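Working through the structure, step by step
One letter stands for each residue in the lines below.
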Amino acid sequence: MKEKLLIFALALLVFLSGCGPVPAGKPLENSSPAASPGSSQPEAPPEQDDQEKEPTLSVPPVVTVEEKEVVAADIEKLFCEGGTPTAIMKNGDLILWGGNVFYGIGNGTGGGGDDVHPFPPTRHRFPAPVVDAFSSVVSYAITENGDLYGWGLNYLNQLGQDGENILTPQKIDLGFQVKQVISPGPFSIYLSTDGHVYCTGLDITGYQSLDEYDRSLGREDADSFETDLRRLELPFRCQRLAASALIHVFLSEDGEVYYQGLLLGDHSYTTPSFHHETPEKIIFPEKIVDIAVTDFNVIALSESGKVYVYGHPLSGISDANTDIQITEDLYQKRLENIIAISSGEFTAMAISQEGRAYCWGLDMRGLVDEKNQTGDPPTGFELIPEPRDMGYTDVVFGAMGNYNGTILCKDGTAYIWGDNTIGQFIEFK
């Protein structure tokens, strides 16, 4: 099967490589002096000499230190969109580990090489507690006061800054406070606290096929594309975003769903895709409260706890034989009392009010297999359109990414499964 779009760089895949870890227990290079990981306040950063700086970047007052362990009971949220597991801790710190090919750990190192090297956990303590984060090709952290920090790959201005890749967390001033940010590939999309949406990086809305997108990224003049910060002109205020490498999805303040860009037809790339250069409304039977998106389907959670799927029913996310068909392109999953949804590029997860986790989709990496704790992805793929109970109980948080699924349970345990090529699995304490 043609292995994905790579998500431009997902084809570079996290299966490229990283650099070796720095010695454990020492403050990281280019880091501020490390506070004790258990302390409540970070030490003040050293005073900086006056010097001319990029106006939208600041020397980050961020404390960074390597960790010897990650305590599961101290984790508030755990997710792994790319190959870098990311934990938001209950005290507002951020811990990342695993793959560092795209500098996503923020420890001052990373990048290409001949071998893949898993990196040990790195803790970042920001001036204010982190409330949301994202880590894939680009890593972001949003603090409780709306400040945005970013680091990682920046070759198409994904971080909203001209220049080189950013190897350690830098405060980024976009001119507005940020509520949510996603960076699934060659662009970043931001939701402001007042409901407006902005983008940096590549404008993907005009591509009408996967081949056109792939050819565009391979052009010698790709670095000449317009990539500066721009506001999307939307006829509504937005409350939540979802995105894959080729599509933006918007949830309006009124509970309506719109998408913009290219929604692929099926995993064989033979079925015509859905394409809209301007936002197109999807009609659902009821008000929607959350959204997710794979490369093929838009997934929506209703206020009554039902899960709907829009798009071609050919890639495991929806299916005419197992789901309730509403229209030719809209299906309802046979799930009830759902309170949260998430998705990677091929697979989806739903968490029920009873604390159960269900997964389904096109399974290439053992993500829809409750027994896949080995880290060895299956050969080939399997279409699994009927949601499977993953066997966890009292789930309080769950997230599906491109390579891994993650779960937090009420008893303070944490789980990660799927791919382990670059050290995503660790032993939680």
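Everything numeric here is computed off the predicted structure, so don't read it as measured data.

Thresholds, definitions, all that
Residues numbered from 1 in each chain as written. Predicted model: local features only at pLDDT ≥ 70, side-chain atom pairs only at ≥ 80, totals over all residues. Heavy atoms only, no water. Core = buried A, V, L, I, M, F, W, Y, C linked by side-chain atoms within 4.5 Å. Buried < 20%, exposed > 50% of the residue type's maximum accessible area, 1.4 Å probe, protein only. Helix = DSSP H or I, 4+ residues; strand = E, 2+ residues; numbered from the N terminus. Phe/Tyr/Trp six-rings, centres within 6.5 Å; stacked < 30°, edge-to-face > 60°. Pairing = 2+ DSSP bridges. Axes fitted to C-alpha atoms, helices over the stretch in contact; angles between N-to-C directions. pLDDT = per-residue confidence, 0-100. Contact = heavy atoms within 4.5 Å. Salt bridge = Lys/Arg side-chain N within 4 Å of Asp/Glu carboxyl O.

What follows concerns the nonpolar core. Of all hydrophobic cores here, the largest spans 32 residues; its most connected members are L94, F126, Y140, L148, W151 and Y190. Counting only elements with at least two residues in this core, the list comes to β5 (94-98), β7 (130-135), β8 (138-143), β9 (148-152), β10 (166-172) and β11 (178-182). Per element, the largest residue contribution to this core is four residues, and it comes from β8. Counting 18 residues, the second-largest nonpolar core is a separate cluster that includes A242, I282, A300 and Y308.

Another point: the packing of aromatic side chains. Per the stated rule, a full pass over the model turns up 13 aromatic pairs. Ring geometry for Y140 against Y190: centres 5.9 Å apart, planes inclined by 80°, an arrangement best described as edge-to-face. Of this pair, Y140 sits in strand β8 while Y190 sits in strand β12 (residues 187-192), placing them 50 residues apart in sequence. With a centroid separation of 6.0 Å and 20° between ring planes, the pair formed by F296 and F346 is classed as stacked. Of this pair, F296 sits in the loop between β19 (288-293) and β20 (298-302) while F346 sits in the loop between β24 (338-343) and β25 (347-352); the two residues are 50 residues apart in sequence, bridging distant segments of the chain. Note on accessibility: F296 and F346 belong to one class, buried. Through a chain of ring-to-ring contacts, the aromatic side chains of F126, Y149 and W151 assemble into a single cluster.

Spatial strand order, β11-β12-β13-β14: four strands in an open sheet with antiparallel pairing. At either margin of the open sheet sits one strand with a lone partner, and together these are β11 and β14 (230-231). Note that strand β13 (residues 197-201) and β14 share two bridges and pair antiparallel. Paired with Y198 across the two strands is R231, which belongs to β14.

This next bit is on the sheet that holds strand β17 (residues 257-263). Within the open sheet, the four strands sit side by side as β15-β16-β17-β18. Their pairing is antiparallel. The open sheet has two edge strands, β15 (238-244) and β18 (274-282), and neither has a second partner. Between one strand axis and the next, the sheet turns by 10° as a mean value, whatever way the strands run. Pairing of strand β16 (residues 247-252) with β17 involves five bridges; the strand directions are antiparallel.

In this model, the protein carries an average pLDDT of 82, and 76% of its residues clear a pLDDT of 70 or more. Low confidence marks residues 1-55, where pLDDT is under 50. Its contacts with residues over four positions away, or in another chain, come to 135 contacts.

In terms of burial, β8 is largely enclosed, as six of its six residues are buried. Note: β7 against β8, five bridges, orientation antiparallel. Its bridge partner being in β8, D132 is matched across the sheet by I142. When β8 meets β9, the two strands line up antiparallel, connected through five bridges.

Further remarks concern the pattern of salt bridges. Opposite charge on two side chains permits them to pair, given that their charged atoms come into close proximity. Summed over the entire model, instances satisfying the criterion amount to 10 salt bridges. Put simply, E67 and R123 hold a salt bridge, and the shortest N to O gap is 3.1 Å. Here the residue E67 occupies a position in the loop between β2 (63-66) and β3 (75-79), and R123 occupies one in strand β6 (residues 119-125), the gap between them amounting to 56 residues. Grouping residues by exposure puts E67 and R123 together as buried. We note a salt bridge from K171 to D147, for which the minimum N-O separation is 3.5 Å. Pair noted here: K171 is in strand β10 and D147 is in the loop between β8 and β9, with a separation of 24 residues, a long-range link.

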